[in-house]
Amino acid sequence: MSDGWTWGYDRYEPRRERLVEALCTLGNGRFATRGSAPECAADATHYPGTYLAGCYDRLTSVVAGARVENEDLVNLPDWTLLRYRCLPDDGPPGAWLTPDAPDLRHYDVRLDLRGGVLSRRLYYEDARGRGLRVVHTRIVHMGDARLAAQRTRFRAYGWSGAVEVRSVLDGAVTNAGVERYRNLEGRHLVDHRSGFAPGGVARLTCRTTDPGLLIALAVRTATRPARPAYETATRTGTVQTFLLPAGRRSATVVKTLALHTSADRPAADPLATACEAAARAPAFDRQVLTHTASWRRLWEQGEIDVPGEAGRILRLHLFHLLQTLSPHTAELDVGAPARGLHGEAYRGHVFWDELFVLPYLDLHFPEVARSLLLYRHRRLPAARAVARAAGGVGARYPWQSASSGREETQALHLNPRSGRWLPDHSRLQCHVGSAVAYNVWRYARTTGDRGFLHAEGAETLLEVARFWAGAAHYDPERGRYRIRGVVGPDEYHDAYPGATAPGIDDNAYTNATAAWVLARGLDLLGELPDARRAELRERLSLDDAEVARWEDVSRRLYVPFHRGVVSQFEGYGELLELDWEGYRGRYGDIRRLDRILEAEGDTVNRYQASKQADTLMLGYLFRPEELYELFARLGYRLDDEVWRATVAYHLRRTSHGSTLSSLVHGWVLARQKGADAWRYCEEALLADVADIQGGTTGEGIHLGAMAGTIDLVERGITGLEAGPEGLRVAPVPLAEIPRFRFTLCFGAHRGVRVRVLPGRLAVRVPASPGSQDPLTVVLPGDRTYTVAPGRERWFRL
Ligand code: BGC
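Residues numbered from 1 in each chain as written. Predicted model: local features only at pLDDT ≥ 70, side-chain atom pairs only at ≥ 80, totals over all residues. Heavy atoms only, no water.

A. Representation of the overall build of the protein in the model. Scanning the protein from N- to C-terminus turns up 20 helices and 33 strands. Each principal axis of the C-alpha atoms in the protein carries an extent, and together these give about 90 × 65 × 55 Å. Across the 797 residues in the protein, those meeting the buried criterion constitute 63%. Considering only intrachain contacts with a sequence separation of at least 6, the fraction spanning at least 24 residues in the protein is 68%. Just so you have it, the protein exposes about 29,300 Å², and 50% of that area is on carbon and sulfur atoms. Between the centroid of the 103 positive side chains of the protein and the centroid of its 98 negative side chains there is a distance of 5 Å. (Helix = DSSP H or I, 4+ residues; strand = E, 2+ residues; numbered from the N terminus. Buried < 20%, exposed > 50% of the residue type's maximum accessible area, 1.4 Å probe, protein only. Contact = heavy atoms within 4.5 Å. Areas by Shrake-Rupley, 256 points an atom, 1.4 Å probe, with all protein chains shown as cover. Lys, Arg positive; Asp, Glu negative; His and termini not counted. Charge placed at Lys NZ, Arg CZ, Asp CG, Glu CD.)

B. Quick peek at the site of the ligand. Lining the immediate surroundings of the ligand are Ala 338, Tyr 346, Phe 351, Trp 352, Asp 353, Trp 399, Glu 491, Lys 611, Gln 612, Ser 658 and Leu 660. A distance of 2.9 Å separates an oxygen atom of the ligand from a polar side-chain atom of Trp 352. Here an oxygen atom of the ligand and a side-chain polar atom of Lys 611 are 2.9 Å apart. (Near = heavy atom within 4 Å. Polar contact = N/O pair within 3.5 Å; in protein donor to acceptor, adjacent residues only side chain to side chain.)

C. Representation of unusual backbone geometry within the structure. Pro 225 follows Arg 224 through a cis peptide bond whose omega is 0°. Turning to its location among the elements, Pro 225 is positioned in the loop between β15 (214–224) and β16 (230–233). Residues Arg 265 and Pro 266 are joined by a peptide bond in cis, for which omega reads -5°. Mapped onto the fold, Pro 266 is located in the loop between β18 (251–261) and α2 (270–280). Positioned with a positive phi, Asp 191 is a non-glycine residue whose angle comes to about 55°. Of note, Asp 191 is situated in strand β13 (residues 189–197). Here the phi dihedral of Arg 347 falls at roughly 55°; this positive angle occurs in a residue that is not glycine. Here Arg 347 shows up in the loop between α4 (308–324) and α5 (354–364).

D. Representation of the packing of helix α10 (residues 508–527) against helix α12 (residues 544–556) in the model. Contact geometry for α10 and α12: axes closest at 8 Å, N-to-C directions at 140°. On the basis of the axis angle, α10 is oblique to α12. The handedness of the crossing between α10 and α12 is left-handed. Residue-level inspection shows Ala 515, Leu 518, Ala 519, Gly 521, Leu 522 and Leu 525 of α10 in contact with α12, the latter providing Val 547, Trp 550, Glu 551, Val 553 and Ser 554. Residues that form the contact of α10 with α12 fall into these classes: 8 nonpolar, 2 polar and 1 charged. (Axes fitted to C-alpha atoms, helices over the stretch in contact; angles between N-to-C directions. Parallel < 35°, antiparallel > 145°, perpendicular 65-115°, else oblique. Left-handed = near helix turned anticlockwise from the far one by under 90°. Nonpolar A, V, L, I, M, F, W, Y, C, P; charged D, E, K, R; others polar.)

E. Summary view of the pairing of strand β7 (residues 82–88). Most of β7 sits inside the fold, with 6 of its 7 residues counted as buried. Relative to strand β12 (residues 161–170), β7 runs antiparallel, the two sharing 7 bridges. When the bridges of β12 are listed, Leu 87 appears paired with Ala 162. (Pairing = 2+ DSSP bridges.)

F. How the structure looks around the pairing of strand β30 (residues 760–765). Taken together, the 5 bridges between strand β29 (residues 749–757) and β30 define a ladder with antiparallel strand orientation. Following the sheet pairing, Arg 755 is matched in β30 by Ala 762. In this sheet, strand β33 (residues 791–796) lies alongside β30 in antiparallel orientation, the contact comprising 6 bridges. Following the sheet pairing, Val 765 is matched in β33 by Arg 791.

G. Looking closely at the nonpolar core. One finds Tyr 84, Leu 132, Phe 154, Trp 352, Trp 468 and Met 617 to be the most contacted residues of the largest nonpolar core, which totals 205 residues. In this structure, Leu 132 is in contact with Tyr 84, Cys 86, Leu 97, Leu 122, Tyr 123, Tyr 124, Phe 154, Arg 155, Ala 156, Trp 159 and Val 163, ignoring residues within four places of it in sequence. (Core = buried A, V, L, I, M, F, W, Y, C linked by side-chain atoms within 4.5 Å.)

H. Looking closely at helix α17 (residues 640–651). With 12 residues, α17 ought to run about 16 Å at 1.5 Å a step, and its terminal C-alpha atoms sit 16 Å apart, in line with that. Turning to α17, its buried residues number three or more, namely Val 642, Trp 643, Thr 646, Val 647, Tyr 649, His 650 and Leu 651. As for α17, its buried residues are in contact with β24 (561–562), β25 (565–566), α15 (617–621), α16 (624–633), α18 (659–671) and α19 (677–689). (Expected span 1.5 Å × (residues − 1).)

I. Up close: the side chain of Ser 658. For Ser 658, the location among the structural elements is in the loop between α17 and α18. A distance of 3.0 Å separates a polar atom in the side chain of Ser 658 from the backbone nitrogen of Leu 660. Setting aside residues up to four positions removed in sequence, Ser 658 forms contacts with Lys 611, Gln 612 and Gln 693.

J. How the structure looks around the packing of helix α6 (residues 366–378) against helix α8 (residues 432–447). The geometry of α6 relative to α8 is characterised by a closest axis approach of 11 Å and an angle of 145° between their N-to-C directions. Where α6 crosses over α8, the handedness of that crossing is left-handed. Counted together, Pro 366, Ala 369, Arg 370, Leu 373 and Arg 376 of α6 and Val 432, Val 436, Asn 439, Val 440, Tyr 443 and Thr 447 of α8 form the full contact between these two elements. Considering only residue class, the contact of α6 with α8 consists of 7 nonpolar, 2 polar and 2 charged.

K. How the structure looks around the side chain of Glu 463. For Glu 463, the location among the structural elements is in helix α9 (residues 450–471). Residue classification places Glu 463 among the buried positions, given a relative accessible area of 3%. Contacts of Glu 463, omitting those with residues within four sequence positions, involve Leu 380, Arg 384, Gly 394, Ala 395 and Leu 540.

L. Here's a closer look at the sheet that holds strand β26 (residues 721–723). An order of β26-β27-β31-β32 is seen for the 4 strands of this open sheet, with the pairing classed as mixed. The open sheet has two edge strands, β26 and β32 (783–787), and neither has a second partner. The sheet shows a mean angle of 25° between the axes of neighbouring strands, direction not considered. Sheet topology places strand β27 (residues 726–728) next to strand β31 (residues 775–779); 2 bridges connect them, and they run parallel. Bridge pairing links Leu 727 to Val 777 in β31.

M. Quick look at the packing of aromatic side chains. Under the counting rule described, the total for this entry stands at 31 aromatic pairs. Measuring from ring centre to ring centre gives 5.1 Å for Tyr 84 and Phe 154, while their planes differ by 70°; the resulting arrangement is edge-to-face. One end of the pair, Tyr 84, is in strand β7; the other, Phe 154, is in strand β11 (residues 147–157), and 70 residues separate them in sequence. Overall, the relative accessible area of 0% leaves Tyr 84 in the buried class. Classification of Phe 154 by relative accessible area gives buried; the value is 3%. On the basis of an interplanar angle of 35° and a centroid distance of 5.5 Å, the ring pair of Phe 561 and Tyr 636 is categorised as tilted. With Phe 561 in strand β24 and Tyr 636 in the loop between α16 and α17, the pair connects residues that are 75 residues apart, well separated along the chain. Among the aromatic residues, those joined into a ring-pair cluster are Tyr 346, Phe 351, Trp 352, Phe 356, Trp 399, Tyr 509, Tyr 620 and Trp 667. (Phe/Tyr/Trp six-rings, centres within 6.5 Å; stacked < 30°, edge-to-face > 60°.)

Dropping the structure here:
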């Protein structure tokens, strides 16, 4: 486990099995399968799940007497299920074996991150000393995104006879992976049809209820030694039973899945294509070779190498990021699901988390970043409809979205502590639009992709700017514009104490980022080629008066302050102080303080207590100088002293109820060389591997925190900023990560390697027939250097 490329578990512990399943998920950006035990269908311990990017289904449920609609990422039929038992010559058949069997003697799970191969080894031995070794090896093909395969090897010790093996294609699955959602309708698949095609291929089709996507799975099961199958098709699946000789030589079963749908392009009959693909898929070893070769190319492009345990965790994070969003994603119309393709938490929805994911992709997989931005651009009409429905103009991206881009935030959510269903006002988090605009801007700046910026990028950013200008209302008493009735990133505060209407006013993060978007909108209008500007302004009916208003709003949005710090929102400083020590003493873990207080009959709205970084998000998005400049444009003085006080103030009042919280605080403190920076970075690193939010990782990884930690090392510690002037670096060393290296893409240069050592940094530009141009490196103080292709250059810092 020490080579930095292996993740594993040496014991079977039913209580952590869901965590293992999530962290051992295999995927290729098109679909993913949880790392569940092949022996087990869903039960209290095990939860197999296969999810296809962008495959959502809408169902209506009745909860607390209300009808609620939910669109869910659909759990697809389980292709991995494999049951087996021993049939000794000299006795009755044994029981069907699973890791839960009393005869289990050894168990380990190994995830090879380099090759994307999951293996699970089990050894059973009964009271009479009869042993069975079972080794499963699984891949979800990174090269051919419609294939996956699983090989199982059996070997008997101390007995002879047969192993009875049932290879199952199980369509009787539902969405039942999240306990909190158990009252919601989870049967998304209907019209199952199953049977067999020639060549040992089992087939199953079904469709989602709405919008009725046809899903076809074909599974070829091949055994060695070859044995005929006894085949049965049930209403929702198929079973193929084999009798394999058990003895000193091992017997092998290989299941190969081909997964096709009616959404595939080019369009073809999904079932026929799946059956053909499964029948002609290469043998397992050959598939592993081509699969690992694809992974090798990904690692070359995405490499990050940090010594020690932090490096191993970072690699796991990157592995899961690339399994959720890979070059295959660039061919699909999908967003960045907050919990990966690894589970059903948050129903597979897309939030603002791409804000933490895109910076990495911009630097390593720009075509994937671009495709995520195009997903947003295609949903511009839906975002306009959300704005219109709220009486606004421009585009208001929904807080949660899935397939269509309409608002998918639930109307009610369950507090598991109190058992009460409560109104969910998180859809008032309009700041998600600024994240989309920021991503457009950062992508264009990093990659220099002006084609995108001037086309889809401009349209997206300008429509978000327009929304903010419309949402801001002039308050003559203050001589400022205000944005009222919103919810900030903190999420806890969704209303003033005792108020009848939801929302809080003048969230500092929302207002400051709105001003930033408006200013970038104005810049963009200035830089567009004349013809494009004229065309866009005509298409968007953007007249001079509206542009003049943007200018005005961008300079006069209100940002509240109190006691010398930036307030989270208007009136935040007047809320009660929470007895943090008292609550910690009473409850231990108070990350979900909102639930604790609600269960006590109180509400977090009364207190200065935040779930996660809110105001401090400004320090994540902007370097201190950029932030001070933004505030200066708004007519406020923000300097090191005020910002430090602001950081300290809010940090003391945050419960870190989201994995994004420690990440952002780690980032902000690292930039400030704050003493506690590492503590927060470490917590962000441990977020999923140690499941610090108490059971949430088993429901899906936290993609934003995973991607954000990699980016924290690459951009945070180096202060790296790719832009038109070159690669700017301004390191803020973190003693705990003194040395590391990574590769990135910059302009026409691919595979640019950055090496960081204490006090030194090197940039190597590979020789490339594509570009003879040197790469410009800008060090603090605007010291500019160039690195020629084929050369490496060291810089003292
Ligand atoms: C956080 C949000 C985040 C969402 C999805 C929530 O717990 O508060 O900021 O977007 O999870 O990851």
